[in-house]
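Observations on the model geometry
Residue strings, one per chain:
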Amino acid sequence: MAQAVEEWYKQMPIITRSYLTAAVVTTVGCSLEIISPYNLYLNPKLIVQQYEIWRLVTNFLYFRKMDLDFLFHMFFLARYCKLLEENSFRGRTADFFFMLLFGATVLTGIVLIGGMIPYLSESFANILFLSNSLTFMMVYVWSKHNPYIHMSFLGLFTFTAAYLPWVLLGFSILVGSTTWVDLLGMIAGHAYYFLEDVYPQMTGRRPLKTPLFIKALFADDDVLVAQPGNERFAPPAQDLHQD
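Every chain is numbered on its own, with residues counted from 1 as its sequence reads. In keeping with the model being predicted, local features are shown solely for residues with a pLDDT of at least 70 and side-chain atom pairs are shown and tallied solely at 80 or more, while totals for entire chains, interfaces and linings include all residues. Side-chain calculation: all heavy atoms of the structure are included, whereas hydrogens and water are not.

Across the interface, helix H8 (residues 131-145) lies against helix H9 (residues 164-174) with an axial gap of 8 Å and an inter-helix angle of 145°. Between H8 and H9, the residues in contact are Phe136, Val139, Tyr140, Trp142 and Ser143 and Leu164, Pro165, Leu168 and Leu169, respectively. As a working rule, the residues Ala, Val, Leu, Ile, Met, Phe, Trp, Tyr, Cys and Pro are called nonpolar, Asp, Glu, Lys and Arg charged, and the rest polar, with Gly in that last group. Split by residue class, the contact of H8 with H9 holds eight nonpolar, one polar and no charged. Every axis corresponds to a line fitted to the C-alpha atoms, with the helix fit spanning only the stretch in contact, and the corresponding angles, defined between N-to-C directions, vary from 0 to 180 degrees. Labels follow the DSSP assignment, with helices taken as runs of H or I lasting at least four residues and strands as runs of E lasting at least two, numbered in each case from the N terminus. We call two residues in contact whenever any of their non-hydrogen atoms come within 4.5 Å of each other.

What follows covers H9. Those residues of H9 not exposed but buried are Leu164, Pro165, Val167, Leu168, Leu169 and Ser172. Tucked into the core, H9 has its buried residues touching helix H5 (68-88), H8, strand S1 (150-153), strand S2 (157-160) and helix H10 (180-203). Using a 1.4 Å probe on the protein chains alone, a residue whose accessible area is under 20% of its type maximum counts as buried, one over 50% counts as exposed, and one in between counts as partly exposed.

Moving on to the pattern of salt bridges. For this analysis, a salt bridge means a side-chain nitrogen from Lys or Arg found within 4 Å of a carboxyl oxygen belonging to Asp or Glu. Scanning all chains against the criterion turns up six salt bridges. For Glu86, the salt bridge identified is with Lys82, shortest N-O distance 3.1 Å. Here Glu86 and its partner Lys82 are both found in helix H5, four residues apart, which amounts to about one turn of the helix. Asp95 serves as the salt-bridge partner of Lys215, at 3.4 Å between the closest nitrogen and oxygen. One end of the pair, Lys215, is in helix H11 (residues 212-215); the other, Asp95, is in helix H6 (residues 93-114), and 120 residues separate them in sequence. Residue classification places Lys215 among the partly exposed residues on the basis of a relative accessible area of 37%.

Right, let's get into the packing of aromatic side chains. Any pair of Phe, Tyr and Trp rings, taking the six-membered ring for Trp, is counted once the centres come within 6.5 Å. Such a pair is stacked with planes under 30 degrees apart, edge-to-face with planes over 60 apart, and tilted for the rest. Counting across every chain of the model gives nine aromatic pairs. Here Phe97 and Phe218 contribute two aromatic rings whose centre-to-centre distance is 5.7 Å and whose plane-to-plane angle is 45°, an arrangement assigned as tilted. Residue Phe97 is located in helix H6, and its partner Phe218 is located in the loop between H11 and strand S3 (238-239); the two are separated by 121 residues in the primary sequence. For Phe97, a relative accessible area of 31% gives the class partly exposed. Taken together through their ring pairs, the aromatic side chains of Phe75, Phe76, Tyr80 and Trp142 make up a single cluster.

With that settled, the discussion passes to the UniProt feature "transmembrane region" (unreviewed entry) in the protein. UniProt positions are given in the numbering used here, feature names are shortened, and annotations may be inferred rather than shown by experiment. Here, UniProt's "transmembrane region" (unreviewed entry) annotation points to residues 19-41, 93-117, 123-142, 154-174 and 180-199. For residues 93-117, the helix share is 88%, the strand share is 0%, and the end-to-end C-alpha distance is 36 Å. As a span, residues 180-199 carries 100% helix and 0% strand, and end to end its C-alpha atoms are 26 Å apart.

This part takes up a nonpolar patch on the surface. A cluster of nonpolar side chains, namely Ile113, Met116, Ile117, Leu120 and Trp180, defines an oily patch on the protein surface of about 480 Å² accessible area. Checked against the element boundaries, Met116 lands in the loop between H6 and helix H7 (121-125). On the basis of relative accessible area, Met116 is assigned to the exposed category, the value being 65%. For patch building, the residue pool is restricted to those with more than 30% relative accessible area and no salt bridge; the joining distance is 9 Å between like charges and 5 Å between nonpolar side chains (Val, Leu, Ile, Met, Phe, Trp, Tyr). Only the protein chains shown count as cover for residues, with accessible areas throughout obtained via the Shrake-Rupley method and a probe of 1.4 Å.

In contact at an axis separation of 10 Å, H6 and H8 are set at 125° when each is read in the N-to-C sense. Considering their axes alone, H6 and H8 lie oblique with respect to each other. Here the hand of the crossing between H6 and H8 comes out right-handed. Note on element contacts: H8 touches H6 through Ser133, Leu134, Met137, Met138 and Val141, opposite Met99, Leu100, Gly103, Ala104 and Leu107. Reported orientations rely on four angle classes, namely roughly parallel under 35 degrees, roughly antiparallel over 145, roughly perpendicular from 65 to 115, and oblique for the rest. By the definition used in this description, the sense in which the near helix is turned from the far one sets the handedness, with an anticlockwise turn below a right angle giving left-handed and a clockwise turn giving right-handed.

Right, dumping it as structure tokens:
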């Protein structure tokens, strides 16, 4: 069993493995009180006045308590981050890293700007960690790249992957979880999908280009990958919780 888990971990692509490791280590460290969440959450005043720049990163690594919700998000992080990196972004690790950087920037910007809007500032002030939102963004982008894949939710009903974010949003409402973080992830995911996939087809221009200094960090081979989402016929159905 341990060997199988080790092999599964080693076979993960570099970005997925790094993010999953950082998230687990950070969350476990906070649960064991080795790390304090108060040193990790997004706090604009401390970032600007005390130069605690690391908060811009650490708020994406902490997934709160190690409960069922934590396992739920670790599953989606490991699954959909891995699927994106291995398929849609295969051979383009730098572009995948830039997608996450873009998503993190959009999410941070929304929270900071929302915190200055009257009547909404209090709601945005309660958003201290954006880790769940970034995970939801990856699920959204994957669903847009693979809209025709058939899925099932807990064996109760089937649907195509295009509706996956909405199914998960509905599930969050049913279990009484806050939907703000999920909605923010959908907004960031749609912003990336529109600028990267839709807008270039409309105008012939691509506004999102991975900076050269990021490309220099990764040595990728050019690989041509077929996009399942563009196929006329859908692949066989898969269960939402199946690896």
